[in-house]
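Structural features, examined
The primary structure of each chain is shown beneath.
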Amino acid sequence: EKMIYCFYLFDRNGVCLYYEDWNRSKKLMGEAEEQKLIFGLLFSLKASVAQMRPNAGENKPAIEALHCYSTSSYKLHYFETPTGLRFLLLTDPGVPSLRECLRQVYSHIYVEYVVKNPIQPMGQPITC
Amino acid sequence: MPQRCNTLFIVNKAGGLIYTRHFSKENQLNVNDCLRLASTFHSMHAIAGRLTPAGAPSGIETVEADTFRLQCFQTPTGIKFIMLAEPMVSNLDNLLRQIYSLYSDFVLKNPFYVS
C-alpha cells in the first residue's frame, strides 16, 4: 500500500514556508526542531552528493544532483528550484521518483497561487 | 566487480573510514576528501533515521542522484558498507551483503587484525 507522509517547502534561508502531514504515526521531536534538522540534513546531503559525482557530472548544476534518498521506512523526494526553493515529500519507500510531481507543484501551484499573490510576503510561512 | 561500480567505502561504528577502494579511473577523491565524506555520511545516516515519519527508525539505504547512485548497508554491529555506482545498477544490496560476508570471513577472522 503506497503512503504519503509529509510535505515541506523551504526557502533558501531555511525558513519553512509550508508543512503538511498525512498518515503520520511518529513525531519524535517538536515541529520547529524537526524542520531545522531536515533542512540541515538536506544541506549537507546536497553538498556531499555534489562532491561524490563522477567527473562527467561536474558541469551539471548542483541543484539537479540529488533526486531522492530512501531508508527502510520512508523515501524523501527532493526538488530544488534555481531560486533556492526546496520542495520535499516523504512517502513510503516503494514509491518511484516523484520529482516530476514536485516540479508540477512548483509550477502549477506555488507559482500560480503564491508568487502571483500580491499580499503574500516572501520569506514568511505561506498562509493563503 | 562490474565496471559500473565506482567506489566502495567501509565505515566503522564510530564513523571513521576504514577502507576505500576505487574501481574506476575517474573522480579519484583524495584521501582527506574520502575521510570527510564518509564521516559526514555516517552522521547523515543517523539523522535521517531520527526523522522517520512512520515505521522503525532506520538510516539512509540508498541515495539517488542524476549521475550516480549510492547504496549503504548497515550491519547489526554498526559497520556501514557504502557503494557508489552508476544510476542504472541494480541489486547493490545483495552485492554489499556478499562483501560483508567476505569482510567477516577474511578481516574479522584474521588474528592480526586490530579494529
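In what follows, the accompanying structure is described. (Residues numbered from 1 in each chain as written. Chains lettered and ligands numbered in written order. Predicted model: local features only at pLDDT ≥ 70, side-chain atom pairs only at ≥ 80, totals over all residues. Heavy atoms only, no water.)

**Structural notes on the layout of surface pockets**
There is about 330 Å³ of room inside the largest pocket. If you trace the largest pocket, you find 17 residues lining it, with A:Phe7, A:Leu9, A:Tyr18, A:Val105 and A:Ile109 closest to the centre. Of all the secondary structure elements, the ones that give two or more residues to the lining of the largest pocket are strand S1 (4–10), strand S2 (16–21), strand S5 (86–91) and helix H2 (99–115) of chain A. Taken as a whole, the second largest pocket holds about 260 Å³ of empty space. Counting residues per element, the ones that place at least two in the lining of the second largest pocket are strand S1 (5–11), strand S2 (17–22) and helix H2 (92–106) of chain B. (1 Å grid on protein atoms, 1.4 Å probe; cavity = no way out; pocket = protein on both sides within 12 Å on 5 of 7 lines; lining within 4 Å. Points joined across faces, edges and corners; volume = space filled by probe spheres on them. Helix = DSSP H or I, 4+ residues; strand = E, 2+ residues; numbered from the N terminus.)

**Section: the interface of chain A and chain B**
Each side of the interface is counted separately: chain A has 35 residues, and chain B has 30 residues. Summed over both partners, the interface of chain A with chain B comes to about 3,100 Å²; 62% of that surface belongs to carbon and sulfur atoms. Where chain A touches chain B, the interface holds two salt bridges. Here B:Glu64 ties to A:Lys75 by a salt bridge, and the two come within 3.8 Å at their closest N and O atoms. The tally of links from chain A across to chain B stands at eleven residue pairs in polar contact (both at pLDDT 80 or more). Only S1, helix H1 (31–52) and strand S3 (66–71) of chain A provide two or more residues apiece to the side of chain A that touches chain B. Sort the elements by how many residues they give to the side of chain A that touches chain B and H1(A) lands first, with ten residues. Relative to strand S3 (residues 60–65) of chain B, S3(A) runs antiparallel, the two sharing five bridges. (Contact = heavy atoms within 4.5 Å. Buried area = accessible area lost by both parts, 1.4 Å probe. Salt bridge = Lys/Arg side-chain N within 4 Å of Asp/Glu carboxyl O. Polar contact = N/O pair within 3.5 Å; in protein donor to acceptor, adjacent residues only side chain to side chain. Pairing = 2+ DSSP bridges.)

**Here we look at H2(A)**
All names here are of chain A. Its 17 residues place the ends of H2 only 20 Å apart at the C-alpha level, less than the 24 Å of an ideal helix rising 1.5 Å per residue. Remark: the principal bend of H2, roughly 35°, maps to Ile-109. Here H2 has its buried residues at Arg-99, Leu-102, Tyr-110 and Val-114. Along its buried surface, H2 packs onto S1, S2, S3, strand S4 (75–80) and S5. (Expected span 1.5 Å × (residues − 1). Bend = angle between axes of the 7 residues up to and from the residue. Buried < 20%, exposed > 50% of the residue type's maximum accessible area, 1.4 Å probe, protein only.)

**Concerning the sheet that holds S4(A)**
Strand order in the open sheet made by the ten strands is S2(A)-S1(A)-S5(A)-S4(A)-S3(A)-S3(B)-S4(B)-S5(B)-S1(B)-S2(B), with antiparallel pairing throughout. Every interior strand has two partners, whereas the edge strands, S2 of chain A together with S2 of chain B, have only one. In this sheet, adjacent strand axes meet at a mean angle of 10° when their direction is disregarded. Bridge analysis of S4(A) against S5(A) gives six bridges, and the strand direction is antiparallel. Residue pairing across strands places A:Tyr78 opposite A:Leu88, the latter belonging to S5(A). (Axes fitted to C-alpha atoms, helices over the stretch in contact; angles between N-to-C directions.)

Coordinates in, geometry out; function isn't part of it.
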